[in-house]
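# Chain and residue survey
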Amino acid sequence: MKENKIITILLIVTMALSLMSCSDYLDKNPSKSSNAPITNADQLFALLDNSNNTYETNMSAAYTTDDCGLSMGLLDAFRTAVNYADYYTFHHEGLAALASDALWSGEYKKIYTANTIIAAAGDVENQTLAKEALANAYFIRAWSYFTLTQYYCLPYCDANKQAMGLPIRKGTDFEEDISRATLEETFAFIMDDLKKAEEISLNAPDPDKRWRASKCAVNAFYAKLHLIMGNYQEALTYANNALSTAPALFDYNNFAQGNSQSYAATAVFPAQTLYYCETNQWSASKFLYFQEIIFARFAYCRYQWMIPSADLLSLYDQEKDMRFKWFMIPHSNRRFNCAYDEYRYDQFYDGRYALTGLSTAELMLTKAECEVRTGNWQQGIRDLDALRAKRYLTGTESALTATSQQDALKKVLEERRREMPFTQRMTDIKRFAVNETSEDDVTITRDFYEMTLSGANTSVVKHYSVSGNDVNLLLPITDVEINAGKGDSKITVVANDVTINTDCGDQELTVLATGDLSIDTGDCGKDTINAQVAG
């Protein structure tokens, strides 16, 4: 893996750069000052219950990890697939040039909503309800910051604590500092918010409002964070606490067959029929209330085509595993009038949504993994029996067995990948890269066309290889966000080869880079550039 370098540059030139413009931050969100005054707790809960809080437009989850199998053949047959290819090839230049980044702006919109609630909660009537809304707001803010760390930051570990974290927005002020905190500071802020969320009075998830937090959700979130940080005993304790009030598993044998769709024979394909699970037709009025959800969050894939890799598909027993039967749909290319045979992962609403929030199944997998990693591997492998009984065709389920701790870990992590493809894979790849063992490390490798700002260069095939602790795996902040601000500020950019075009002014810029750095100072005349490279 290439050596990461953190480069700090003081530019005495004009730079109209910032991570995100203060005006954009406010314009995209409801403003306490520009709307009707918040005077009662019902208004706070109305903000919490906004349906936009439950979705994450996350193209990286769909197309960046080794769960995705976008092939050159598919791109040749279906040119729309070029929209996924920048994510698939870690093409920072193309991703930075996008007109918008819905994941970044969407999570900061949720953060702004949480900050609005936090700012208003002390002034409304009925303080008992207001405190409940306040605790929920801290939980939502912590979750959004956590989500952003998984795609824009290096994995959490001692060696990366001083690496770039996120801009920490604590309020709704235009003048609030927008420089990126360190990764250590960002995780400390998340933990502090989650501590404040412990004041939530609801013990178990509300089946009618699964997007609100509960003590069960707080414990499940703690378990997730400690698992990522490598604190396995703490993660196990929190997982057990959460499981004591978590909803029951749903038996996948009880899903009903959904609608089917038949396609006539073509010059390329025979007549084919696609069979779907009932969840293919579930809209938000149904999937938001799925029985196993502890905290409802869903990745939204606008293209409706999460393409499972051959490696992912090979993990399933394709005759007995109901997760394969219901959600891995063969010949899904027909759905898109594409002349290249391919599967599609379709969990909810015709492939638009996949669960990213907290669930009972994830807790069971966390418990099993922590048992294995802390030495109690025989118990850890048995912990999965209850989950597998609800996931395999009735009468065909079988208990996992292992011959050693290493073998048990491998099988638990495979089960985790089968249960939560795409949406949890980025987090897992990153934490595997920096934990106590190299046995679970993942390197994403693929051969694919060279990507340029004009699209795919089909005359050049490149080999791509990225590991979990590689800066190339991070999403870059878009040029639109960087160039939106005015004036002097302290900012950070994540990139590969970096080119900075400037005018005149003072700017401190931190670049995390693995390639070449060049600076075009335009017509500023005499420029002073002091660079210090650490790495």
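Procedures and definitions
- By convention here, each chain's residues receive numbers from 1 onward along its written sequence.
- Local features in a predicted model are, by the rule used here, given only for residues with pLDDT of at least 70; side-chain atom pairs are given and counted only at 80 or more, and totals for whole chains, interfaces and linings are based on all residues.
- The basis for every side-chain value is the complete set of heavy atoms in the structure, and neither hydrogens nor water enter the calculation.
- Each helix corresponds to a stretch of at least 4 residues labelled H or I by DSSP, and each strand to a stretch of at least 2 residues labelled E; elements are numbered beginning at the N terminus.
- Burial classes follow relative accessibility: with a 1.4 Å probe on protein chains only, a residue under 20% of its type's maximum area counts as buried, one over 50% as exposed, and anything between as partly exposed.
- By definition in these notes, contact holds between two residues if any of their heavy atoms fall within 4.5 Å.
- Methods summary: accessible areas were calculated by the Shrake-Rupley approach with a probe of 1.4 Å, and residue burial reflects only the protein chains presented.
- Strands qualify as paired when DSSP identifies two bridges or more between them.
- Axes here refer to lines fitted to C-alpha atoms; in helices the fit is confined to the stretch in contact. Angles between the N-to-C directions go from 0 to 180 degrees.
- A cavity here means a set of points on a 1 Å grid, drawn over the protein atoms and nothing else, where a 1.4 Å probe fits but cannot get out; a pocket is an open set with protein on both sides within 12 Å along at least five of seven lines, and a residue lines either one if it has an atom within 4 Å of a point.
- Grid points are joined across faces, edges and corners, and a volume is the space filled by probe spheres set on the points.
- Ten residues, namely Ala, Val, Leu, Ile, Met, Phe, Trp, Tyr, Cys and Pro, are considered nonpolar, four, namely Asp, Glu, Lys and Arg, are considered charged, and the remaining ones, Gly among them, are considered polar.
- Pairs of N or O atoms are called polar contacts if they sit within 3.5 Å, as long as, within protein, a hydrogen donor faces a hydrogen acceptor (for residues adjacent in sequence, only side-chain-to-side-chain pairs).
- Under the convention used throughout, the expected extent of a helix is 1.5 Å for every residue step, that is, one less than its residue count.
- The aromatic pairing rule takes the rings of Phe, Tyr and Trp, using the six-membered ring of Trp, and pairs them if the centres are within 6.5 Å, calling planes under 30 degrees apart stacked, those over 60 edge-to-face and the rest tilted.
- Counted as over-ring charges are cases with an Arg CZ or a Lys NZ within 6 Å of the ring centre that also lie within 35 degrees of the ring normal.
- Among the buried residues, those of types Ala, Val, Leu, Ile, Met, Phe, Trp, Tyr and Cys that are joined through side-chain atoms within 4.5 Å form a nonpolar core.
- Salt bridge, as applied in this entry: a Lys or Arg side-chain nitrogen positioned within 4 Å of an Asp or Glu carboxyl oxygen.
- What pLDDT reports is the predictor's confidence in each residue, on a scale of 0 through 100.
- In these notes the angle categories are as follows: under 35 degrees is roughly parallel, over 145 is roughly antiparallel, 65 to 115 is roughly perpendicular, and the rest is oblique.
- By definition, any crossing whose near helix is turned counterclockwise from its far helix by less than a right angle is left-handed, and any crossing with a clockwise turn is right-handed.

### Section: the overall build of the chain
Check the secondary structure of the chain and you find 20 helices and 19 strands. Counting the 535 residues in the chain, one finds 58% classified as buried. Pairs at least 24 residues apart make up 72% of the contacts formed inside the chain by residues separated by at least 6 positions. Of the roughly 21,200 Å² of accessible surface on the chain, a fraction of 47% belongs to carbon and sulfur atoms.

### Re the sheet that holds strand β11 (residues 353-355)
Ordered by their spatial adjacency, three strands build an open sheet running β2-β8-β11, and the pairing between neighbours is mixed. Edge strands, defined here as strands with exactly one partner in the open sheet, are β2 (55-57) and β11. Taken pair by pair, the neighbouring strands of this sheet meet at an average axis angle of 30°, ignoring direction.

### Some words on empty space enclosed by the protein
Across all of its chains, the model carries eight cavities of 30 Å³ or more by this definition. When contributions to the lining of the largest cavity are tallied by element, the ones reaching two or more residues are α14 (322-327), α15 (360-373) and α18 (405-419). Here the residues of the lining of the largest cavity are counted per class, giving 11 nonpolar, six polar and six charged. Taken together, E56, N58, W143, F146, T147, Q150, Y151, K224, T356, T423, Q424 and T427 make up the lining of the second largest cavity. No other element matches helix α8 (residues 127-152), which puts five residues into the lining of the second largest cavity. Of the residues that constitute the lining of the second largest cavity, the class distribution is three nonpolar, seven polar and two charged.

### Quick notes on the layout of surface pockets
Of the volumes computed, that of the second largest pocket is approximately 420 Å³. Among the elements of the structure, α3 (59-63), α5 (82-88), α6 (92-96), α7 (102-120) and β13 (443-452) are those that each provide at least two residues to the lining of the second largest pocket. By residue number, the principal contributor to the lining of the second largest pocket is α5, which donates four residues. When the residues that make up the lining of the second largest pocket are grouped by side-chain class, the tally is 13 nonpolar, 10 polar and three charged.

### So, the pairing of strand β14 (residues 455-467)
Relative to β14, β13 is paired through 10 bridges, and the arrangement is antiparallel. Note on β14: the bridge partner recorded for T445 is S465.

### Overview of the environment of N333
Within the secondary structure, N333 sits in the loop between β9 (328-329) and β10 (344-345). In sequence terms N333 and F78 are 255 residues apart; their C-alpha atoms lie 9.1 Å from each other. If near-sequence neighbours (up to four positions away) are discounted, N333 is found in contact with F269, W305, C338, Y340, D341 and E342. Within the structure, the side chain of N333 is placed 3.4 Å from the backbone oxygen of Y340, a separation counted as a polar contact.

### Brief notes about α18
Here α18 contains 15 residues, and its C-alpha end-to-end distance of 21 Å stays within 8% of the 21 Å for a straight helix at 1.5 Å per residue. Here α18 has its buried residues at D407, A408, L409, V412, L413, E415, R416, R417, R418 and E419.

### Points about the packing of aromatic side chains
According to the stated counting rule, one finds 43 aromatic pairs in the structure shown. Considering the side-chain rings of F250 and F255, the 4.7 Å spacing of their centres and the 45° angle between planes classify their relative orientation as tilted. Residue class for F255 comes out buried when judged on its relative accessible area of 6%. Lying over the aromatic face of F336, R335 brings its terminal NZ or CZ to 5.1 Å of the ring centre. The side chain of R391 reaches across the aromatic face of Y252, ending 3.8 Å from its centre.

### Observations concerning the environment of R180
Here R180 is to be found in strand β4 (residues 180-182). Of note is the side chain of R180, whose polar atom sits 3.1 Å from the backbone oxygen of Y152. A distance of 2.7 Å separates a polar atom in the side chain of R180 from the backbone oxygen of G165.

### Quick notes on the nonpolar core
Formed by 141 residues in total, the largest nonpolar core has its most connected members in L70, F139, F221 and F298. At 14 residues, the largest contribution of residues to this core is made by α8. For F139, the residues in contact, after removing those within four places along its chain, are L194, A197, A213, A217, V218, F221, F295 and L358. Y232, A235, L236 and C370 belong to the second largest nonpolar core, which has five residues in total.

### Structural notes on the side chain of S60
Positionally, S60 belongs in helix α3. Judged by relative accessible area, which is 1%, S60 ranks as buried. Not counting residues up to four positions away in its chain, the partners in contact with S60 are T65, Y87, Y151, M426 and L475.

### Here we look at the pattern of salt bridges
This model, assessed by the stated rule, comprises 34 salt bridges. We note a salt bridge from K224 to E362, for which the minimum N-O separation is 2.5 Å. Separated by 138 residues along the polypeptide, K224 in helix α10 (residues 215-229) and E362 in helix α15 bring together distant segments of the chain. The residue E415 makes a salt bridge to R323 at a minimum N-O spacing of 2.7 Å.

### Some words on the confidence of the model for the chain
Confidence in the prediction of the chain, expressed as mean pLDDT, is 87, and 83% of residues score 70 or more. Counting interchain partners and residues more than four positions distant, the pLDDT-below-50 stretch residues 1-34 has 150 contacts.

### A few points about helix α9 (residues 183-197)
Each α-helix turn comprises 3.6 residues. Residues three or four places apart therefore point the same way. The end-to-end C-alpha distance of α9 is 21 Å, a good match for the 21 Å that 15 residues give at a rise of 1.5 Å each. Among the residues making up α9, those that are buried are L183, T186, F187, F189, I190, M191, D193, L194 and A197. Check the buried side of α9 and you find it contacts α8, β3 (164-167), β4 and α10.

### Some details on unusual backbone geometry
Residues other than glycine seldom take positive phi values, yet F90 does so here, at roughly 55°. Looking at where F90 falls in the secondary structure, it is placed in the loop between α5 and α6. Its relative accessible area of 8% is what places F90 among the buried residues.

### Comments concerning the packing of α8 against α9
In the contact formed by α8 and α9, the axes pass within 8 Å of each other and the chain directions differ by 155°. Between α8 and α9, the interaxial angle falls into the category roughly antiparallel. With respect to the hand of their crossing, α8 and α9 are arranged in left-handed fashion. Contacts between α8 and α9 pair A135, Y138, F139, R141, A142, Y145, F146, T149 and Q150 from the former with T186, F187, F189, I190, D193, L194, K196 and A197 from the latter.

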